[in-house]
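Inside the fold
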Amino acid sequence: MTDPLALARARGDGPALTVGAPVIPDRRGLAAYLDRALDSGRLSNFGPLASRLEERLAERLDVPYVLSCASGTTALMIALRVFGVSGPTVVPSFTFAATAGALDWAGASARFCDVEPACLTLCPIASEAALADGARALVPVHTYGGACDVAALRDLAARYRKPLIYDAAHAFGARFQGKAVAAYGDAAAISLHATKPFHTVEGGALLVHDQGALEEARRLANFGLDPRRGGTARRPLGLNGKMSEIHAAFGLALLDEYDTLHERRRAVMARYRARLPACWFLPASARGSGSDAYVAIAVPDGVARDDVVESARREGIGLRAYFAPPLHEIDPDADQAAFPVSRGAADRVICLPIHPDFTTAQIDRVADVVLRVCDAPRAN
Ligand SMILES: *Cc1c(COP(=O)(O)O)cnc(C)c1O
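What you see as residue numbers is a count from 1 along each chain, following the sequence as written. Restriction of local features to residues with pLDDT of at least 70 applies here, the model being predicted, together with a cutoff of 80 or more for giving and counting side-chain atom pairs; totals for whole chains, interfaces and linings are based on all residues. Hydrogen atoms and water are omitted, and side-chain values are computed over all heavy atoms in the structure.

Quick look at the sheet that holds strand S8 (residues 204-208)
Strands were regarded as paired on the criterion that DSSP finds at least two bridges between them. Going along the chain from the N terminus, every DSSP run of H or I of four or more residues is numbered as a helix, and every run of E of two or more is numbered as a strand. Spatially, the four strands line up as an open sheet ordered S1-S8-S7-S4, and their pairing is mixed. Each end of this open sheet is capped by a strand with a single partner; those strands are strand S1 (65-69) and strand S4 (165-167). Looking at each pair of strands side by side, their axes are set apart by 20° on average, direction ignored. Of the strands in this sheet, S1 and S8 are in contact with helix H8 (residues 211-220), which crosses S1 at around 15°. A fitted line through C-alpha atoms serves as each axis, taken over the contacting stretch for helices, and the angle formed by two N-to-C directions is quoted from 0 to 180°. A contact between two residues is defined here by any heavy atoms of the two lying within 4.5 Å.

And the structure:
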(Lines give C-alpha, C1' and ligand atoms only; values in the text may rest on other atoms or scores of the structure.)
Protein backbone atom coordinates (compact mmCIF):
# COMPACT_ATOMS: atom_id res chain seq x y z
CA MET A 1 0.00 0.00 0.00
CA THR A 2 1.34 3.45 -0.79
CA ASP A 3 1.87 5.74 2.12
CA PRO A 4 0.20 9.08 1.26
CA LEU A 5 2.42 10.87 3.74
CA ALA A 6 5.53 9.68 1.94
CA LEU A 7 4.01 10.85 -1.35
CA ALA A 8 3.25 14.30 0.01
CA ARG A 9 6.82 14.63 1.17
CA ALA A 10 8.27 13.40 -2.10
CA ARG A 11 6.24 16.00 -3.99
CA GLY A 12 7.51 18.73 -1.74
CA ASP A 13 4.04 19.74 -0.61
CA GLY A 14 5.29 21.12 2.68
CA PRO A 15 5.19 19.30 5.97
CA ALA A 16 3.39 15.99 6.23
CA LEU A 17 0.14 16.03 8.21
CA THR A 18 1.72 13.99 10.92
CA VAL A 19 2.76 14.52 14.52
CA GLY A 20 6.44 15.37 14.79
CA ALA A 21 7.08 16.58 11.23
CA PRO A 22 10.28 18.62 11.64
CA VAL A 23 10.59 22.37 11.22
CA ILE A 24 13.29 23.33 8.72
CA PRO A 25 15.07 26.71 8.93
CA ASP A 26 15.49 29.05 5.99
CA ARG A 27 18.20 27.43 3.88
CA ARG A 28 20.20 30.56 3.24
CA GLY A 29 20.28 31.36 6.94
CA LEU A 30 21.36 27.84 7.68
CA ALA A 31 24.05 27.90 4.98
CA ALA A 32 25.56 31.05 6.50
CA TYR A 33 25.87 29.43 9.93
CA LEU A 34 27.22 26.20 8.42
CA ASP A 35 29.86 28.20 6.55
CA ARG A 36 30.93 29.72 9.86
CA ALA A 37 31.25 26.27 11.41
CA LEU A 38 33.24 24.89 8.48
CA ASP A 39 35.46 27.97 8.19
CA SER A 40 36.33 27.96 11.88
CA GLY A 41 38.11 24.64 11.58
CA ARG A 42 36.41 23.57 14.77
CA LEU A 43 33.60 21.09 14.55
CA SER A 44 33.01 20.22 18.19
CA ASN A 45 34.33 20.44 21.78
CA PHE A 46 32.62 23.59 23.04
CA GLY A 47 33.09 25.57 19.84
CA PRO A 48 32.00 29.16 19.20
CA LEU A 49 28.59 28.33 17.68
CA ALA A 50 27.65 26.04 20.58
CA SER A 51 28.69 28.82 22.98
CA ARG A 52 26.64 31.37 21.07
CA LEU A 53 23.61 29.08 21.12
CA GLU A 54 24.03 28.62 24.89
CA GLU A 55 24.09 32.40 25.42
CA ARG A 56 21.01 32.93 23.32
CA LEU A 57 19.13 30.11 25.04
CA ALA A 58 20.06 31.40 28.50
CA GLU A 59 18.67 34.81 27.60
CA ARG A 60 15.47 33.39 26.18
CA LEU A 61 14.89 30.83 28.92
CA ASP A 62 15.54 33.13 31.89
CA VAL A 63 18.40 31.13 33.37
CA PRO A 64 21.99 32.24 33.94
CA TYR A 65 23.68 29.10 32.56
CA VAL A 66 22.98 26.69 29.72
CA LEU A 67 25.04 23.72 28.54
CA SER A 68 24.31 22.50 25.02
CA CYS A 69 24.21 18.70 24.91
CA ALA A 70 24.05 15.82 22.46
CA SER A 71 20.41 15.11 23.35
CA GLY A 72 17.72 15.85 25.90
CA THR A 73 18.32 12.44 27.43
CA THR A 74 22.05 13.12 27.96
CA ALA A 75 21.23 16.55 29.40
CA LEU A 76 18.95 14.85 31.94
CA MET A 77 21.54 12.15 32.75
CA ILE A 78 24.18 14.81 33.34
CA ALA A 79 21.83 16.86 35.55
CA LEU A 80 21.13 13.80 37.71
CA ARG A 81 24.88 13.24 38.15
CA VAL A 82 25.59 16.90 38.93
CA PHE A 83 22.99 16.83 41.70
CA GLY A 84 24.15 13.45 43.01
CA VAL A 85 20.82 11.74 42.40
CA SER A 86 20.85 8.02 43.12
CA GLY A 87 18.26 5.58 44.40
CA PRO A 88 14.50 5.79 43.93
CA THR A 89 13.46 9.01 42.20
CA VAL A 90 9.92 10.28 41.69
CA VAL A 91 8.84 10.44 38.02
CA PRO A 92 5.37 10.62 36.51
CA SER A 93 4.02 7.43 34.96
CA PHE A 94 2.57 9.47 32.08
CA THR A 95 5.80 10.31 30.28
CA PHE A 96 8.19 9.20 27.54
CA ALA A 97 10.60 6.32 28.17
CA ALA A 98 13.59 8.70 28.19
CA THR A 99 12.64 10.23 31.55
CA ALA A 100 13.05 6.91 33.35
CA GLY A 101 15.79 5.78 30.95
CA ALA A 102 17.99 8.71 31.99
CA LEU A 103 17.52 7.66 35.63
CA ASP A 104 18.59 4.09 34.91
CA TRP A 105 21.67 5.23 33.01
CA ALA A 106 22.63 7.68 35.72
CA GLY A 107 22.46 4.97 38.37
CA ALA A 108 19.12 5.95 39.93
CA SER A 109 15.74 4.26 39.48
CA ALA A 110 12.22 5.38 38.68
CA ARG A 111 9.68 5.54 41.47
CA PHE A 112 6.56 6.10 39.38
CA CYS A 113 3.76 8.35 40.63
CA ASP A 114 0.41 9.17 39.05
CA VAL A 115 -0.37 12.52 37.41
CA GLU A 116 -3.00 15.18 38.09
CA PRO A 117 -6.25 14.78 36.12
CA ALA A 118 -6.40 18.31 34.72
CA CYS A 119 -2.89 18.89 33.40
CA LEU A 120 -1.49 15.34 33.35
CA THR A 121 1.61 16.53 35.22
CA LEU A 122 3.14 14.92 38.30
CA CYS A 123 0.74 14.75 41.25
CA PRO A 124 2.26 16.51 44.29
CA ILE A 125 0.22 14.37 46.71
CA ALA A 126 1.46 11.08 45.26
CA SER A 127 4.96 12.59 45.17
CA GLU A 128 4.85 13.48 48.83
CA ALA A 129 3.86 9.92 49.73
CA ALA A 130 6.83 8.64 47.71
CA LEU A 131 9.22 11.08 49.40
CA ALA A 132 7.93 10.08 52.83
CA ASP A 133 8.63 6.52 51.74
CA GLY A 134 12.29 7.24 50.95
CA ALA A 135 12.39 8.62 47.39
CA ARG A 136 15.52 10.75 46.99
CA ALA A 137 14.73 13.23 44.24
CA LEU A 138 11.95 14.59 42.01
CA VAL A 139 12.02 14.53 38.21
CA PRO A 140 8.66 15.95 37.06
CA VAL A 141 7.79 16.52 33.40
CA HIS A 142 6.18 19.66 31.97
CA THR A 143 3.91 17.50 29.84
CA TYR A 144 2.96 19.03 26.47
CA GLY A 145 4.63 22.24 27.64
CA GLY A 146 2.06 22.89 30.38
CA ALA A 147 3.80 23.84 33.62
CA CYS A 148 3.74 21.38 36.50
CA ASP A 149 2.42 22.57 39.85
CA VAL A 150 5.81 24.22 40.29
CA ALA A 151 4.97 25.90 43.62
CA ALA A 152 3.81 22.68 45.31
CA LEU A 153 6.77 20.73 43.94
CA ARG A 154 9.25 23.40 45.03
CA ASP A 155 7.81 23.31 48.55
CA LEU A 156 8.04 19.52 48.64
CA ALA A 157 11.63 19.53 47.43
CA ALA A 158 12.54 22.14 50.05
CA ARG A 159 10.73 20.37 52.87
CA TYR A 160 12.37 17.01 52.14
CA ARG A 161 15.66 18.64 51.02
CA LYS A 162 15.73 16.74 47.75
CA PRO A 163 16.86 17.83 44.30
CA LEU A 164 14.14 18.97 41.89
CA ILE A 165 15.17 18.41 38.28
CA TYR A 166 12.63 18.98 35.54
CA ASP A 167 12.34 17.04 32.32
CA ALA A 168 11.46 20.13 30.29
CA ALA A 169 11.73 18.29 26.97
CA HIS A 170 8.38 19.76 25.82
CA ALA A 171 8.68 23.17 27.40
CA PHE A 172 10.59 25.32 24.92
CA GLY A 173 8.53 28.46 24.34
CA ALA A 174 6.21 27.89 27.34
CA ARG A 175 5.94 30.58 30.02
CA PHE A 176 4.45 30.75 33.50
CA GLN A 177 4.27 33.67 35.92
CA GLY A 178 6.62 35.88 34.00
CA LYS A 179 9.34 33.38 33.19
CA ALA A 180 10.13 30.43 31.01
CA VAL A 181 8.64 27.18 32.31
CA ALA A 182 12.07 25.60 31.82
CA ALA A 183 13.57 28.05 34.33
CA TYR A 184 11.91 26.31 37.32
CA GLY A 185 13.68 23.78 39.53
CA ASP A 186 17.31 23.21 40.50
CA ALA A 187 17.92 22.23 36.90
CA ALA A 188 15.96 21.40 33.77
CA ALA A 189 16.72 19.40 30.64
CA ILE A 190 15.26 20.44 27.29
CA SER A 191 15.15 18.22 24.23
CA LEU A 192 16.27 19.75 20.95
CA HIS A 193 15.30 16.73 18.90
CA ALA A 194 13.93 17.15 15.37
CA THR A 195 10.38 16.33 16.49
CA LYS A 196 10.38 19.17 19.04
CA PRO A 197 9.24 22.71 18.18
CA PHE A 198 12.72 24.19 18.46
CA HIS A 199 15.53 21.82 17.62
CA THR A 200 19.08 21.19 16.48
CA VAL A 201 18.20 17.92 14.64
CA GLU A 202 19.60 15.93 17.57
CA GLY A 203 20.46 17.84 20.72
CA GLY A 204 19.50 19.02 24.15
CA ALA A 205 20.18 21.71 26.69
CA LEU A 206 20.80 21.62 30.41
CA LEU A 207 19.65 24.69 32.34
CA VAL A 208 21.26 25.44 35.71
CA HIS A 209 21.37 28.34 38.12
CA ASP A 210 24.93 28.48 39.41
CA GLN A 211 28.34 28.43 37.88
CA GLY A 212 29.57 25.46 39.91
CA ALA A 213 26.77 23.29 38.52
CA LEU A 214 27.56 24.46 34.99
CA GLU A 215 31.27 23.64 35.34
CA GLU A 216 30.57 20.19 36.73
CA ALA A 217 28.00 19.53 33.98
CA ARG A 218 30.51 20.58 31.34
CA ARG A 219 33.18 18.32 32.84
CA LEU A 220 30.74 15.38 32.89
CA ALA A 221 29.71 16.09 29.28
CA ASN A 222 33.38 15.80 28.33
CA PHE A 223 34.35 12.38 29.72
CA GLY A 224 35.05 13.76 33.19
CA LEU A 225 38.15 15.68 32.07
CA ASP A 226 38.85 18.53 34.46
CA PRO A 227 40.10 21.77 32.89
CA ARG A 228 41.43 22.82 36.29
CA ARG A 229 43.74 19.84 36.29
CA GLY A 230 45.13 20.36 32.82
CA GLY A 231 42.29 18.39 31.24
CA THR A 232 43.02 15.15 33.07
CA ALA A 233 40.30 12.79 34.19
CA ARG A 234 38.90 12.57 37.68
CA ARG A 235 35.99 10.77 39.26
CA PRO A 236 33.12 10.72 38.77
CA LEU A 237 33.94 10.08 35.13
CA GLY A 238 31.59 11.40 32.46
CA LEU A 239 30.43 10.60 28.99
CA ASN A 240 30.52 12.33 25.62
CA GLY A 241 27.47 14.56 25.79
CA LYS A 242 28.67 17.54 23.76
CA MET A 243 26.81 19.31 20.98
CA SER A 244 28.66 19.62 17.66
CA GLU A 245 29.10 22.91 15.79
CA ILE A 246 26.99 21.56 12.91
CA HIS A 247 24.05 20.94 15.24
CA ALA A 248 24.56 24.33 16.90
CA ALA A 249 24.53 25.99 13.45
CA PHE A 250 21.16 24.41 12.74
CA GLY A 251 19.85 25.62 16.10
CA LEU A 252 21.06 29.20 15.59
CA ALA A 253 19.43 29.37 12.17
CA LEU A 254 16.11 28.11 13.55
CA LEU A 255 16.32 30.37 16.58
CA ASP A 256 16.53 33.40 14.27
CA GLU A 257 13.06 32.49 13.04
CA TYR A 258 11.65 31.07 16.25
CA ASP A 259 9.28 33.89 17.22
CA THR A 260 7.60 33.92 13.83
CA LEU A 261 7.32 30.14 13.84
CA HIS A 262 5.77 30.12 17.30
CA GLU A 263 3.31 32.80 16.22
CA ARG A 264 2.24 30.61 13.32
CA ARG A 265 1.89 27.55 15.55
CA ARG A 266 -0.27 29.64 17.86
CA ALA A 267 -2.55 30.38 14.90
CA VAL A 268 -2.76 26.67 14.05
CA MET A 269 -3.67 25.95 17.68
CA ALA A 270 -6.35 28.65 17.59
CA ARG A 271 -7.86 27.13 14.46
CA TYR A 272 -8.01 23.68 16.08
CA ARG A 273 -9.66 25.24 19.14
CA ALA A 274 -12.22 26.95 16.95
CA ARG A 275 -13.04 23.69 15.18
CA LEU A 276 -13.13 21.17 18.06
CA PRO A 277 -15.19 21.15 21.28
CA ALA A 278 -13.41 23.00 24.08
CA CYS A 279 -13.98 20.16 26.54
CA TRP A 280 -11.76 17.85 24.49
CA PHE A 281 -8.67 19.96 25.09
CA LEU A 282 -6.49 19.42 28.11
CA PRO A 283 -6.15 22.59 30.14
CA ALA A 284 -2.40 22.23 29.56
CA SER A 285 -2.10 25.97 29.65
CA ALA A 286 -3.88 26.22 33.00
CA ARG A 287 -0.52 27.29 34.38
CA GLY A 288 0.73 29.84 31.91
CA SER A 289 0.98 29.87 28.15
CA GLY A 290 2.06 26.59 26.62
CA SER A 291 4.61 25.80 23.97
CA ASP A 292 1.89 25.41 21.32
CA ALA A 293 3.81 22.36 20.20
CA TYR A 294 1.27 19.71 21.17
CA VAL A 295 -2.41 19.61 20.33
CA ALA A 296 -3.41 17.08 22.97
CA ILE A 297 -7.07 16.16 23.11
CA ALA A 298 -8.97 13.51 25.04
CA VAL A 299 -11.47 11.65 22.90
CA PRO A 300 -14.99 11.61 24.38
CA ASP A 301 -16.38 8.70 26.37
CA GLY A 302 -17.56 5.85 24.22
CA VAL A 303 -15.08 6.55 21.40
CA ALA A 304 -12.24 4.10 20.89
CA ARG A 305 -9.07 6.14 20.61
CA ASP A 306 -7.50 3.65 18.21
CA ASP A 307 -10.45 4.04 15.82
CA VAL A 308 -9.68 7.74 15.55
CA VAL A 309 -5.99 7.08 14.91
CA GLU A 310 -6.77 4.37 12.33
CA SER A 311 -9.39 6.42 10.46
CA ALA A 312 -6.98 9.32 10.25
CA ARG A 313 -4.18 7.06 9.07
CA ARG A 314 -6.31 5.87 6.17
CA GLU A 315 -6.59 9.51 5.09
CA GLY A 316 -2.87 10.11 5.33
CA ILE A 317 -3.01 11.88 8.67
CA GLY A 318 -0.59 10.80 11.39
CA LEU A 319 -2.15 11.24 14.85
CA ARG A 320 -0.29 9.86 17.83
CA ALA A 321 -1.45 8.34 21.08
CA TYR A 322 0.95 9.25 23.78
CA PHE A 323 2.03 8.35 26.22
CA ALA A 324 0.58 4.86 25.80
CA PRO A 325 1.02 2.49 27.47
CA PRO A 326 1.83 4.46 30.62
CA LEU A 327 5.44 3.98 31.61
CA HIS A 328 4.84 2.35 34.99
CA GLU A 329 3.74 -0.73 33.07
CA ILE A 330 7.41 -1.50 32.33
CA ASP A 331 7.61 -2.54 35.99
CA PRO A 332 5.42 -5.62 36.42
CA ASP A 333 5.79 -5.29 40.20
CA ALA A 334 4.34 -1.76 40.33
CA ASP A 335 0.86 -1.59 41.84
CA GLN A 336 -1.04 -1.17 38.57
CA ALA A 337 -4.10 0.18 40.42
CA ALA A 338 -2.12 3.17 41.71
CA PHE A 339 -2.15 4.99 38.36
CA PRO A 340 -5.79 5.60 37.41
CA VAL A 341 -5.16 9.00 35.83
CA SER A 342 -2.19 7.86 33.73
CA ARG A 343 -4.10 4.78 32.68
CA GLY A 344 -7.15 6.84 31.63
CA ALA A 345 -5.02 9.39 29.79
CA ALA A 346 -3.10 6.68 27.98
CA ASP A 347 -6.43 5.30 26.72
CA ARG A 348 -7.96 8.61 25.66
CA VAL A 349 -5.36 11.22 24.76
CA ILE A 350 -4.23 11.77 21.20
CA CYS A 351 -1.99 14.44 19.79
CA LEU A 352 -2.95 16.06 16.49
CA PRO A 353 -0.32 17.27 14.04
CA ILE A 354 0.83 20.86 14.42
CA HIS A 355 3.39 22.66 12.26
CA PRO A 356 3.96 26.34 11.49
CA ASP A 357 3.53 25.69 7.75
CA PHE A 358 0.07 24.11 7.98
CA THR A 359 -2.67 25.82 6.01
CA THR A 360 -6.21 26.32 7.29
CA ALA A 361 -7.40 23.71 4.78
CA GLN A 362 -4.96 21.18 6.21
CA ILE A 363 -6.00 21.86 9.80
CA ASP A 364 -9.64 21.55 8.80
CA ARG A 365 -8.96 18.19 7.15
CA VAL A 366 -7.57 16.88 10.44
CA ALA A 367 -10.41 18.39 12.46
CA ASP A 368 -13.03 16.96 10.09
CA VAL A 369 -11.71 13.42 10.42
CA VAL A 370 -11.53 13.65 14.21
CA LEU A 371 -15.03 15.12 14.46
CA ARG A 372 -16.48 12.52 12.13
CA VAL A 373 -15.12 9.55 14.10
CA CYS A 374 -15.81 11.08 17.51
CA ASP A 375 -19.37 12.10 16.67
CA ALA A 376 -20.36 8.77 15.12
CA PRO A 377 -21.29 6.94 18.37
CA ARG A 378 -23.34 9.91 19.55
CA ALA A 379 -25.30 9.96 16.30
CA ASN A 380 -26.56 6.43 17.03
C1 LIG B 1 11.71 13.94 23.53
C2 LIG B 1 11.67 13.64 24.98
C3 LIG B 1 12.82 13.29 25.71
C4 LIG B 1 14.12 12.92 25.05
O5 LIG B 1 14.76 13.90 24.38
P6 LIG B 1 15.90 13.53 23.31
O7 LIG B 1 16.42 14.86 22.91
O8 LIG B 1 15.23 12.80 22.19
O9 LIG B 1 16.91 12.67 24.00
C10 LIG B 1 12.73 13.19 27.09
N11 LIG B 1 11.57 13.37 27.73
C12 LIG B 1 10.42 13.66 27.08
C13 LIG B 1 9.17 13.88 27.87
C14 LIG B 1 10.44 13.80 25.68
O15 LIG B 1 9.30 14.04 25.02
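Concerning the environment of Arg365
With respect to the element layout, Arg365 can be found in helix H12 (residues 360-379). The rule is simple: take the accessible area with a 1.4 Å probe, protein chains only, and divide by the maximum for that residue type; under 20% is buried, over 50% is exposed, in between is partly exposed. On the basis of relative accessible area, Arg365 is assigned to the partly exposed category, the value being 40%. Sequence spacing of Arg365 and His247 is 118 residues, and the spatial spacing of their C-alpha atoms is 34 Å. Residues within four places of Arg365 in sequence aside, it is in contact with Leu17, Glu315 and Ile317.

Let's talk about the domain arrangement of the protein
Annotation of the protein at the domain level lists domain 1 (4-20 + 258-374) and domain 2 (27-251). Domain boundaries shown here were taken from an automatic or database domain assignment. Relative placement of domain 1 and domain 2: their C-alpha centres are 25 Å apart. Taken together, the 33 residues of domain 1 in the interface contact 35 residues of domain 2. The quantity reported as buried area is the accessible area (1.4 Å probe) lost by two parts once they are put together, taken as the sum for both. Each partner contributes to the roughly 2,800 Å² buried at the junction of domain 1 and domain 2, and carbon and sulfur atoms together form 64% of this total. Of all residues in domain 1, Arg287, Phe323 and Leu327 bury the most surface against domain 2, accounting for 30% of the area lost on that side. A side-chain nitrogen of Lys or Arg and a carboxyl oxygen of Asp or Glu constitute a salt bridge if their distance falls within 4 Å. Put simply, domain 1 and domain 2 have one salt bridge between them. For Arg60, the salt bridge goes to Asp259, with nearest N and O atoms at 3.2 Å. The set of elements that each furnish at least two residues to the side of domain 1 that touches domain 2 consists of helix H9 (245-275), helix H11 (340-348) and strand S12 (349-352).

What to know about the pairing of strand S11 (residues 295-298)
Neither face of S11 is left uncovered, since the one carrying Val295 and Ile297 and the one carrying Ala296 and Ala298 both have all their residues buried. When S11 meets S12, the two strands line up antiparallel, connected through four bridges. Within S12, the position partnered with Ala296 by the bridge is Cys351.

Some points on the packing of helix H3 (residues 48-61) against H9
Interaxial distance between H3 and H9 falls to 8 Å at its minimum, and their mutual angle equals 35°. H3 and H9 meet at a crossing whose hand is left-handed. The segment H3 lies against H9, with Pro48, Leu49, Ala50, Arg52, Leu53, Arg56, Leu57 and Arg60 engaging Glu245, Ala248, Ala249, Gly251, Leu252, Leu255, Asp256, Tyr258 and Asp259. For the contact of H3 with H9, the per-class residue count stands at ten nonpolar, one polar and six charged. If you view the pair so one helix is near and one far, a crossing is left-handed when the near helix is turned anticlockwise from the far one by less than a right angle, and right-handed when it is turned clockwise. The nonpolar class holds Ala, Val, Leu, Ile, Met, Phe, Trp, Tyr, Cys and Pro. Asp, Glu, Lys and Arg form the charged class, and all remaining residues, Gly among them, are polar.

Here we look at the UniProt feature "active site" (unreviewed entry) in the protein
Residues annotated by UniProt as "active site" (unreviewed entry) correspond here to Lys196. With respect to the helices and strands, Lys196 occurs in the loop between strand S7 (187-191) and S8. Once residues lying within four places of it in the same chain are set aside, the contact partners of Lys196 are Ala169, His170, Ser191 and Tyr294. UniProt positions are given in the numbering used here, feature names are shortened, and annotations may be inferred rather than shown by experiment.

Describing the site of the ligand
Taken together, 15 residues surround the ligand, and among them Gly72, Thr73, Asp167, Ser191 and Lys196 come closest. Under this definition, polar contacts are N or O atom pairs within 3.5 Å; protein pairs additionally need one hydrogen-donor-capable and one acceptor-capable atom, and for neighbouring residues in sequence, both atoms have to be side-chain atoms. A distance of 2.5 Å separates an oxygen atom of the ligand from a polar atom in the side chain of Thr73. Within the side chain of His170, one N or O atom sits 2.8 Å away from an oxygen atom of the ligand. All accessible areas in this document rest on Shrake-Rupley with a 1.4 Å probe, and a residue is counted as covered only by the protein chains that are shown. Contact with the protein chains covers 90% of the free accessible surface of the ligand, which is 380 Å². Taking a 2 Å distance to the grid points as the criterion, the majority of the atoms of the ligand fall inside the largest pocket. When at least one non-hydrogen atom of a residue lies within 4 Å of a molecule or strand, that residue is treated as near it. In the cavity and pocket records, a cavity denotes points on a 1 Å grid over the protein atoms alone where a 1.4 Å probe fits but cannot get out, a pocket denotes an open set with protein on both sides within 12 Å along at least 5 of 7 lines, and lining residues are residues with an atom within 4 Å of a point. A cavity or pocket is said to hold a molecule if more than half of that molecule's atoms lie within 2 Å of its grid points.

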